[in-house]
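Survey of secondary and tertiary structure
In case you want the letters, here they are:
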Amino acid sequence: VAQQNSGATPKTGRPKKAVEEPVGRGPDVDSLGFQAMDRNVPGLSHVILQKLNMKSYEDYKSAMDGRKSSSDFGIRTYFDMFQKMEDTFKFCVECKKLPDALPDPKSLRRCKRWCQNVYYCSVPCQRANWPLHKKFCKKLKLVALDRLVEWLVFTGDIPFPTETWTKPARAVKGWEDWFSMQEQLEEKLGTILAGRYMTLLWANAGKPWPEDEELRQSIRRLVTDFHSRPLTIGLGLRLFGIDPLAKPLTLHVVGASHVETLNTRLTDYDELTRMFPGHWGMEVVMVGVDVVDGSIMRPPLATPAPRGRVYLSSYKGLYHDFWESHVETKLAARPDLVVGFHPGFHACPDLLAGWLPTLLLLRDYRLPVLFTVYSEQELKSSLQVLVELETHVVGYAANPFASLRPEQVYSSPNKAPVYCSSFYIALLGPAVAAVPGAMELEDSDNW
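Since we're looking at a predicted model, the values are computed, not measured.

1. A closer look at the overall build of the protein chain
Helix and strand content of the protein chain: 16 helices and 9 strands. Sequence separation of 24 or more characterises 75% of the internal contacts of the protein chain that already satisfy a separation of 6 or more. Carbon and sulfur atoms provide 53% of the accessible area of the protein chain, an area that totals close to 20,300 Å².

Structure below.
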């Protein structure tokens, strides 16, 4: 989410208070992504608004902010909900025509080979698109399945209950190790499969009920998607040698939006307690202009978090404003680690300009920072920006706790799916030449 460029955090020297200037809201990742759909499929954004009973993008944002109920979208039944969601994917992936542009709007048919995810208006379009689509068809089947099963995250069926880790954090190298610690895993998956909401889902989804093993694998992928953020935070603590057993910790999630905060429960980051049993307390503060009102919309703590608990709080606004109004005045604690999930500052000059005050603040106050990105291309572009800002990049690599849930490019699905937090970038202060003896992650025992 964009951080608007207001005030001048210095590039070098001692950190100083930003000069106050009028704040105007810049573009954010969500709005740019919404608008970009029309470049691939003209009119698609209007179809989405129409299906959700909305008049404008501001209505869409209100929904993301939790200010609209399902009845406001014309949704009266479970079938309505799943049908409207599916309708927003209905366009010919070859010629890009929407239903209203066809002589018979009902002529759009789903791919029946594997994916049941993309649509074609005619046999010639399907044949013309097959040489490209066949490269992604099987993967897109998983995307379509996970998109439906994700509903069980909102009903509370996913994730299943977890236990304190039986291995030290440094010994858990990835998801295979994590799943190996989950006792009675198959029984837990079976309970979700047999649950009321799984039955409601497939009674109303308009698609055949998948095989049990397909659903078990989907649940596992969605569990990794749910826990990816707290485990990535835990990875950041280990990379920087920050010990949760030595003192209470404050963790800031910068650029937080509806992705991190919509329907977030106070217990959603408790996996950090299972990862570091006996910790002294951790506060996770979500900071961003698009933080959603909800249970975590409570002020940050001025005192340490309760021992053995993960305390979630939030601030709706720009990070450099939060720093000035709360951190500098000691209304909130200085962070031990700052994390940004998919900040997107590489995407365009407007987003970079919006993020600039925050990036410079993080650099000049020498805060340990961990950013995540979707892909190797995004990693390269982000590194280029950070190097140009003379930021000390102390490490980057594939994230062992990346989500295993594949996600498609909404309006251009015939591309390789991406995965949330696939790579991480670790930062600490100005470029190494300006900081003698700056820490290198390779030297840490926790690397």
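Next comes the rest of the description.
2. Some points on helix H6 (residues 137-149)
Along its 13 residues, H6 runs 19 Å from first to last C-alpha, staying within 8% of the 18 Å computed at 1.5 Å per residue. Listed as buried for H6 are Cys-137, Leu-140, Val-143, Ala-144, Leu-145, Asp-146, Arg-147, Leu-148 and Val-149.

3. As for the confidence of the model for the protein chain
Per-residue pLDDT for the protein chain averages 83, and the proportion of residues at 70 or more is 78%. Counted against residues more than four places away or in other chains, residues 434-439, with its pLDDT under 50, gives 9 contacts. Within the model, pLDDT remains below 50 along residues 442-447, and this stretch shows 10 contacts once partners closer than five positions in the same chain are excluded.

4. Considerations on unusual backbone geometry
For the peptide bond that leads from Ile-158 to Pro-159, omega is 5°, which places it in the cis range. Following the sequence through the fold, Pro-159 ends up in the loop between helix H7 (151-155) and helix H8 (175-180). Of note in the backbone geometry, His-342 takes a positive phi value of approximately 55° without being a glycine. Mapped onto the fold, His-342 is located in the loop between strand E6 (337-341) and helix H15 (349-364). By relative accessible area, His-342 is classed as buried at 16%. Here Glu-390, not a glycine, exhibits a phi torsion of approximately 55°, which is positive. Along the polypeptide, Glu-390 turns up in the loop between helix H16 (376-388) and strand E8 (391-398). Given a relative accessible area of 46%, Glu-390 falls into the partly exposed group.

5. Quick look at the packing of helix H9 (residues 185-193) against helix H11 (residues 212-239)
Across the interface, H9 lies against H11 with an axial gap of 10 Å and an inter-helix angle of 105°. Taken together, H9 and H11 sit at an angle that is classed as roughly perpendicular. Counting all contacts with H9, which are made through Leu-185, Glu-186, Leu-189, Gly-190, Ile-192 and Leu-193, the residues of H11 involved are Asp-212, Leu-215, Arg-216, Ile-219 and Arg-220. The class makeup of the residues in the contact of H9 with H11 is 6 nonpolar, 1 polar and 4 charged.

6. A word on H9
Leu-185, Lys-188, Leu-189, Ile-192 and Leu-193 are the residues of H9 that are buried. Burial along H9 is one-sided: seen end-on, the buried residues are contained in an arc of 145°. Exposed positions of H9 whose direction lies more than 90 degrees from the buried face are Glu-187 and Thr-191. Those residues of H9 that are buried lie in contact with H7, H8, helix H10 (196-204) and H11.

7. Let's talk about the state of the cysteines
The full count for this structure, using the stated rule, is 0 disulfides. The cysteine Cys-95 is free of any disulfide, with Cys-92 supplying the nearest cysteine sulfur at 3.5 Å. Residue classification places Cys-95 among the partly exposed positions, given a relative accessible area of 30%. Residue Cys-121 stays outside any disulfide, its sulfur separated by 3.7 Å from that of Cys-95, the closest cysteine. Taking relative accessible area as the criterion, Cys-121 reaches 18% and is therefore assigned buried.

8. Side note on the sheet that holds E6
Strand order in the open sheet made by the 7 strands is E5-E4-E3-E6-E7-E9-E8, with mixed pairing throughout. Every other strand in the sheet has two partners, leaving strand E5 (310-316) and E8 as the edge strands with one partner each. The average angle at which neighbouring strand axes cross in this sheet is 20°, direction not considered. Taken together, the 6 bridges between E8 and strand E9 (residues 423-430) define a ladder with antiparallel strand orientation. Each residue of the ladder has a partner; that of Gly-395, found in E9, is Ala-426. Along the sheet, H11 makes contact with strand E3 (249-254), strand E4 (282-288), E6, strand E7 (368-373) and E9, crossing E6 at roughly 140°. Of the strands in this sheet, E7, E8 and E9 are in contact with H16, which crosses E9 at around 5°.

9. Notes on the environment of Lys-141
In this structure, Lys-141 sits in helix H6. As for Lys-141 and Arg-113, which are separated by 28 residues in sequence, their C-alpha atoms are 9.6 Å apart.

10. Re the pattern of salt bridges
Across all of its chains, the model carries 11 salt bridges by this definition. As a salt-bridge pair, Glu-214 and Lys-141 come within 2.9 Å of each other at their nearest N and O atoms. Here the residue Glu-214 occupies a position in helix H11, and Lys-141 occupies one in helix H6, the gap between them amounting to 73 residues. Put simply, Arg-363 and Asp-364 hold a salt bridge, and the shortest N to O gap is 2.8 Å. For the pair shown, Arg-363 and Asp-364 are each scored as buried. What emerges from the salt-bridge pattern is a single network uniting Glu-150, Asp-225 and Arg-405.

11. So, the packing of helix H14 (residues 319-327) against H15
Packing of H14 against H15 leaves a shortest axis separation of 8 Å and a crossing angle of 50°. One element, H14, and the other, H15, form an angle in the oblique class. Packed against H14, whose contacting residues are Tyr-319, His-320 and Trp-323, the element H15 presents Pro-357, Thr-358, Leu-361 and Leu-362 at the interface.

What counts as what
- Residues numbered from 1 in each chain as written.
- Predicted model: local features only at pLDDT ≥ 70, side-chain atom pairs only at ≥ 80, totals over all residues.
- Heavy atoms only, no water.
- Helix = DSSP H or I, 4+ residues; strand = E, 2+ residues; numbered from the N terminus.
- Contact = heavy atoms within 4.5 Å.
- Areas by Shrake-Rupley, 256 points an atom, 1.4 Å probe, with all protein chains shown as cover.
- Expected span 1.5 Å × (residues − 1).
- Buried < 20%, exposed > 50% of the residue type's maximum accessible area, 1.4 Å probe, protein only.
- pLDDT = per-residue confidence, 0-100.
- Axes fitted to C-alpha atoms, helices over the stretch in contact; angles between N-to-C directions.
- Parallel < 35°, antiparallel > 145°, perpendicular 65-115°, else oblique.
- Nonpolar A, V, L, I, M, F, W, Y, C, P; charged D, E, K, R; others polar.
- Arc of directions from axis to C-beta.
- Disulfide = S-S within 2.5 Å.
- Pairing = 2+ DSSP bridges.
- Salt bridge = Lys/Arg side-chain N within 4 Å of Asp/Glu carboxyl O.

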